[in-house]
Amino acid sequence: MSGDAAALWPRVAEGLRRDLGARTFDHWLKPVRFADYCTLSGVVTLETASRFSANWINERFGDRLELAWRHHLPAVRSVLVRAGPGAAERQAAMTAAPLPPLAPAAIAAPAAPSAFDAKLSFERFVVARSNILAANAARRMAMVEAPQFNPLYLCSGTGQGKTHLLHAIAQAYEAEHPAATIILMSAEKFMLEFVGAMRGGDMMAFKARLRAADLLLLDDLQFVIGKNSTQEELLHTIDDLMCSGKRLVVTADRPPAMLDGVEARLLSRLAGGLVADIEAPEDDLRERIIRQRLAAMPMVEVPDEVVAWLVKHFTRNIRELEGALNKLLAYAALTGVRVDLALAEDRLAENVRCARPRITIDEIQRAVCAHYKLDKAEMASKRRVRAIARPRQVAMYLAKELTPRSYPEIGRRFGGRDHSTVIHAVRTVEALRVSDSELDAEIAAIRRSLNS
Ligand SMILES: Nc1ncnc2c1ncn2[C@@H]1O[C@H](COP(=O)(O)OP(=O)(O)OP(=O)(O)O)[C@@H](O)[C@H]1O
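Source: prediction; values computed, not measured.

Cut-offs used in this document
- All residue numbers here refer to positions counted from 1 along the written sequence of the relevant chain.
- Thresholds applied to this predicted model are a pLDDT of at least 70 for local features of residues and 80 or more for the giving and counting of side-chain atom pairs; totals over whole chains, interfaces and linings are not thresholded and use all residues.
- Water and hydrogen atoms play no part in the side-chain values, which are based on all heavy atoms of the structure.
- Labels follow the DSSP assignment, with helices taken as runs of H or I lasting at least four residues and strands as runs of E lasting at least two, numbered in each case from the N terminus.
- Contact definition: two residues touch when any of their heavy atoms are within 4.5 Å.
- The charged-residue count follows a simple rule in which Lys and Arg add positive charge and Asp and Glu add negative charge, with His and chain termini not counted at all.
- Where a charge lies is defined by one atom per residue type: Lys uses NZ, Arg uses CZ, Asp uses CG and Glu uses CD.
- UniProt positions are given in the numbering used here, feature names are shortened, and annotations may be inferred rather than shown by experiment.
- The classification of residues rests on relative accessible area computed with a 1.4 Å probe and restricted to protein chains. Under 20% of the type maximum is buried, over 50% is exposed, and intermediate values are partly exposed.
- In these notes, residues near a molecule or strand are those with any non-hydrogen atom within 4 Å of it.
- Any pair of nitrogen or oxygen atoms within 3.5 Å is treated as a polar contact; in protein, a donor-acceptor pairing is required on top of that, and neighbouring residues in sequence qualify only through side-chain atoms on both sides.
- For accessible areas, the Shrake-Rupley method is used with a probe of radius 1.4 Å. Any residue's cover is judged against the shown protein chains and nothing else.
- Polarity classes work like this: nonpolar for Ala, Val, Leu, Ile, Met, Phe, Trp, Tyr, Cys and Pro, charged for Asp, Glu, Lys and Arg, and polar for all others, with Gly in that last group.
- Residue ranges assigned to each domain were obtained from an automatic or database domain assignment.
- For helices, the axis comes from a line fit to the C-alpha atoms of the stretch in contact; other axes are also lines fit to C-alpha atoms, and the angle between any two N-to-C directions lies between 0 and 180 degrees.
- Left-handed describes a crossing in which the near helix is turned anticlockwise from the far one by less than a right angle; the clockwise case is right-handed.
- Residues grouped as a nonpolar core are buried Ala, Val, Leu, Ile, Met, Phe, Trp, Tyr and Cys residues, joined through side-chain atoms within 4.5 Å.

## Describing the overall build of the chain
Here is step 1 of the chain: When helices and strands are tallied, the chain shows 22 helices and eight strands.
Here is step 2 of the chain: For the chain, the spread of C-alpha atoms along the three principal axes comes to 90 × 60 × 40 Å.
Here is step 3 of the chain: The long-range share in the chain, meaning contacts at least 24 apart out of those at least 6 apart in sequence, stands at 74%.
Here is step 4 of the chain: Measuring between centres, the 61 positive side-chain charges of the chain sit 2 Å from its 55 negative side-chain charges.

Below, the structure written as structure tokens:
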């Protein structure tokens, strides 16, 4: 895959040359060579002649490089330019005054690059009412003083900045505690390493590595749902870290109480510190994030009406908003057209369609009740008379069809019913839709009312 990416570099470079102009390109980017592409992290590494020009390129052209790469290879997450081999010698040769000789150890072992994404810093995290609790709690986690709340549990829907905050905490903590051991990993990786260690008979090393952490940051905890032995190991790891006063931050897509299939003992540990949720981003936050991204690209002109249009249409999460902006800018940069409202509407029509807010269970319950002229409280009631039970089953069926919620989650929203009740309702309505055309038409009408 790195080979494929290497083959793309000349095309990426050609686009950049058109975009930046031959003079700027030849001066800064012509000497840049492709070094590596990691499919796992999505990081492209490029090399240039000196550390100075690497820093300059990262600062001035980092966003441009990312856009250009993503245009050809959408999986690219970030682009890093570093000084290539021999850069130190070239740098020394270019300097008039001889540099003091480097200790052999320093030459042999250059500082290991930080494992954290420099772009995901506190400085680049825009704070607003919807995320202020999470952002402030995250900052506290990185301070010298012991945090007031430990563990910190960050939760939100997808693309709202949880991973960003984990990287920000890790980097700020690293700056304050340079010798500290910091581990940032996804819950999935935790599980894979745990299973690998069990199979390889290497549990001691696995346990020792995690328990040596001064700060453990665990992303996407919902991954351990239903994975009992991973949960057990995680529980021991957390207990160990907490007992030794270490810091723990976890993220998940829902609050602890909604992690069905996670052991109560683990949940109580996780909820025992601070649970901070990030709400859906408000207009002001979305606009400030766009303006922040544009400020890093002073050569790109984006009219205010396009910014307002993006803010209006990409409401659900920041990742979608960023993706739309990147797509628009990449298209404009690589084709040489100006960014205006018509271009945004044309190029981003599909993105807008996908970004429409999803239907919620609450909306479904309201629509079903409006159709059958019922009180919404009946949805959660225990009454089994057919005039109520059937609409309730229809609402459960639509909840499964139109939302990403699981059977247990749906059951909870209908007066704490068991998941098997929901499965039964879904199957019943599915069968009835085939045999009962009247019911089928009613469901179609409810769906239309929800989509309108
Ligand atoms: N408040 C913010 N300020 C600046 N950038 C943000 C903010 N919130 C999110 N982002 C950006 O949005 C993108 C998605 O954020 P991130 O990956 O952290 O989301 P997430 O909540 O971890 O999503 P998932 O649950 O899918 O893993 C990232 O590029 C991140 O930098």
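Having seen it, we continue.
## Comments concerning the UniProt feature "binding site: ATP" (unreviewed entry) in the chain
Here is step 1 of the chain: Under the local residue numbering, the UniProt record ascribes the feature "binding site: ATP" (unreviewed entry) to Gly 159, Gly 161, Lys 162 and Thr 163.
Here is step 2 of the chain: Structurally, the position occupied by Lys 162 is in helix α7 (residues 162-176).
Here is step 3 of the chain: Other than its neighbours up to four places away in sequence, Lys 162 contacts Leu 154, Cys 155, Ser 156, Gly 157, Thr 251, Ala 252 and Ile 278.
Here is step 4 of the chain: By the secondary structure assignment, Thr 163 is in helix α7.
Here is step 5 of the chain: By relative accessible area, Thr 163 is classed as partly exposed at 24%.
Here is step 6 of the chain: Setting aside residues no more than four positions away along its own chain, Thr 163 makes contact with Arg 77 and Asp 219.

## Describing the UniProt feature "domain: Chromosomal replication initiator DnaA C-terminal" (unreviewed entry) in the chain
Here is step 1 of the chain: The UniProt record annotates "domain: Chromosomal replication initiator DnaA C-terminal" (unreviewed entry) at residues 360-429.
Here is step 2 of the chain: The span residues 360-429 is 73% helix and 0% strand, and its two end C-alpha atoms sit 19 Å from each other.

## Looking at the site of the ligand
Here is step 1 of the chain: Around the ligand sit 20 residues in total, of which Thr 158, Gly 159, Thr 163, His 164 and Glu 322 are the nearest.
Here is step 2 of the chain: Gly 161 places a polar main-chain atom, nitrogen or oxygen, 3.2 Å from an oxygen atom of the ligand.
Here is step 3 of the chain: Here an oxygen atom of the ligand sits 2.7 Å away from a polar atom, N or O, in the side chain of Glu 322.
Here is step 4 of the chain: Look at the ligand: alone it shows 640 Å² of surface, and the protein chains cover 90% of it.
Here is step 5 of the chain: Of all the secondary-structure elements, those providing two or more residues to the shell around the ligand are α7, α12 (283-295) and α14 (318-335).
Here is step 6 of the chain: In terms of residue class, the shell around the ligand is made up of five nonpolar, nine polar and six charged.
Here is step 7 of the chain: Here the shell around the ligand gathers at least three residues from each of two domains, domain 2 (132-277) and domain 3 (283-354).

## Structural notes on the packing of helix α10 (residues 228-243) against helix α11 (residues 264-271)
Here is step 1 of the chain: Following both chains from N to C, one finds α10 and α11 inclined at 35°, their axes separated by 10 Å at the closest point. Classified by chirality, the crossing of α11 by α10 is left-handed. Taking contact as the criterion, the partners of Gln 231, Glu 232, Leu 234, Leu 235, Ile 238 and Asp 239 in α10 are, on α11, Arg 265, Leu 266, Arg 269 and Leu 270.

## Structural notes on the nonpolar core
Here is step 1 of the chain: Formed by 28 residues in total, the largest nonpolar core has its most connected members in Tyr 153 and Leu 221.
Here is step 2 of the chain: Put simply, the parts of the chain that give this core at least two residues each are β4 (152-155), β5 (182-186), α8 (187-199), α9 (203-211), β6 (215-219), α10, β7 (247-252) and α11.
Here is step 3 of the chain: In this structure, Tyr 153 is in contact with Leu 221, Val 250, Ala 252, Arg 254, Pro 255, Pro 256, Leu 259, Leu 270, Leu 274, Val 275 and Ala 276, ignoring residues within four places of it in sequence.

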